[in-house]
Amino acid sequence: MKGIGIIVLAQLKTYTEEDYYSLPENVRAELIDGQFYYMAAPSRIHQEILNSVNNAIYNYIRSKKGNCKVYPAPFAVKLFADNDKFIVEPDISVICDPNKLTDRGCTGAPDWIIEIISPGTAGYDYIRKLGLYADAGVREYWIVDPMEKSVYVYFLERDRFKVKSYTFQDKVKAGIYDDLWIDFKEFAGLMNP
């Protein structure tokens, strides 16, 4: 009788929320399915877009005396309250349920997440995070791509799942609000084609 060959695969260490909060303050990382994904410092253009869009949302909520809160990265979002192996830092998070807010950030899915693509994160944001955010219950997910000068808006609610695409020549309506539009024309000249 021939012997049975056994292949032993290296086991990755699985990290948890405790490990995430033990990282040094100067280290930015996301915890996805128990694995750390480290993030490089964002570009100036990334930050200009983040600041402008975040400010537009903040000013809108404030002018309407709304209950939602908007937070720019770094802001920890524990996507699943009952799973300590998923903590992300979206570029912009809008949370409308105050019970989800903690001293550490947000526990549960934000209503609206915006990610601004960097050259090294495109596949991560377009594929991995799209599925993760849909599974977590995020209502709306925007991907802003400065290199392509495009904005993809994903409506992730099960009964109205759809995607719309825009360019930096468009005003884009936020689906979770009746009258909030973000004008991306101001960013059109930031990067050369």
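Please read all numbers here as calculations on a predicted model, not as lab measurements.

Here is what the cut-offs are and how they apply
- Residues numbered from 1 in each chain as written.
- Predicted model: local features only at pLDDT ≥ 70, side-chain atom pairs only at ≥ 80, totals over all residues.
- Heavy atoms only, no water.
- Helix = DSSP H or I, 4+ residues; strand = E, 2+ residues; numbered from the N terminus.
- Buried < 20%, exposed > 50% of the residue type's maximum accessible area, 1.4 Å probe, protein only.
- Contact = heavy atoms within 4.5 Å.
- Areas by Shrake-Rupley, 256 points an atom, 1.4 Å probe, with all protein chains shown as cover.
- Lys, Arg positive; Asp, Glu negative; His and termini not counted.
- Charge placed at Lys NZ, Arg CZ, Asp CG, Glu CD.
- Pairing = 2+ DSSP bridges.
- Disulfide = S-S within 2.5 Å.

What should I look at first to understand the overall build of the protein in this one?
Across its full length, the protein holds 3 helices and 14 strands. On the principal axes, the C-alpha backbone points of the protein span a range of 75 × 40 × 40 Å. Per-residue burial for the protein yields a buried fraction of 43% across its 193 residues. Pairs at least 24 apart in sequence give 51% of the contacts found in the protein among residues at least 6 apart. Carbon and sulfur atoms make up 50% of the accessible area of the protein, which totals about 11100 Å². Of the side chains in the protein, 23 bear a positive and 27 a negative charge, and the two mean positions are spaced by 3 Å.

Quick question: what am I supposed to make of the pairing of strand 2 (residues 35–38) here?
The side chains of a regular strand alternate between both faces of the sheet. Here strand 1 (residues 29–32) pairs with strand 2 via 4 bridges, running antiparallel. Paired with alanine 29 across the bridge in strand 2 is tyrosine 38. In this structure, the hairpin formed by strand 1 and strand 2 is closed by a connection of 2 residues, where aspartate 33 is found at a positive phi of approximately 50 degrees.

In this structure, what is going on with the pairing of strand 11 (residues 150–155)? I would like to understand it.
With 5 of 6 residues buried, strand 11 lies mostly within the body of the structure. Looking at chain direction, strand 10 (residues 140–145) and strand 11 are connected through 6 bridges and run antiparallel. By the bridge assignment, tyrosine 141 is partnered in strand 11 with tyrosine 154. If you look at the hairpin formed by strand 10 and strand 11, you'll find 4 residues sitting between the two strands, and lysine 149 has a positive phi there, around 55 degrees. Sheet topology note: the strand 11/strand 12 (residues 162–167) ladder contains 6 bridges and is antiparallel. When the bridges of strand 12 are listed, tyrosine 154 appears paired with valine 163. The loop that links strand 11 with its antiparallel partner strand 12 comprises 6 residues.

Would you mind going over the state of the cysteines with me for this structure?
Disulfide: a covalent bond formed between the sulfur atoms of two cysteine residues. According to the stated counting rule, one finds 1 disulfide in the structure shown. Left unpaired, cysteine 106 is separated from the closest cysteine sulfur, that of cysteine 96, by 10 Å.

Sorry, what's going on with the environment of leucine 132 here?
With respect to the element layout, leucine 132 can be found in helix 3 (residues 122–136). When the C-alpha positions of leucine 132 and isoleucine 32 are compared, they lie 8.9 Å apart, and in sequence the two are 100 residues distant. Not counting chain neighbours up to four residues away, the residues in contact with leucine 132 comprise Ile32, Leu79, Phe80, Phe86 and Val88.

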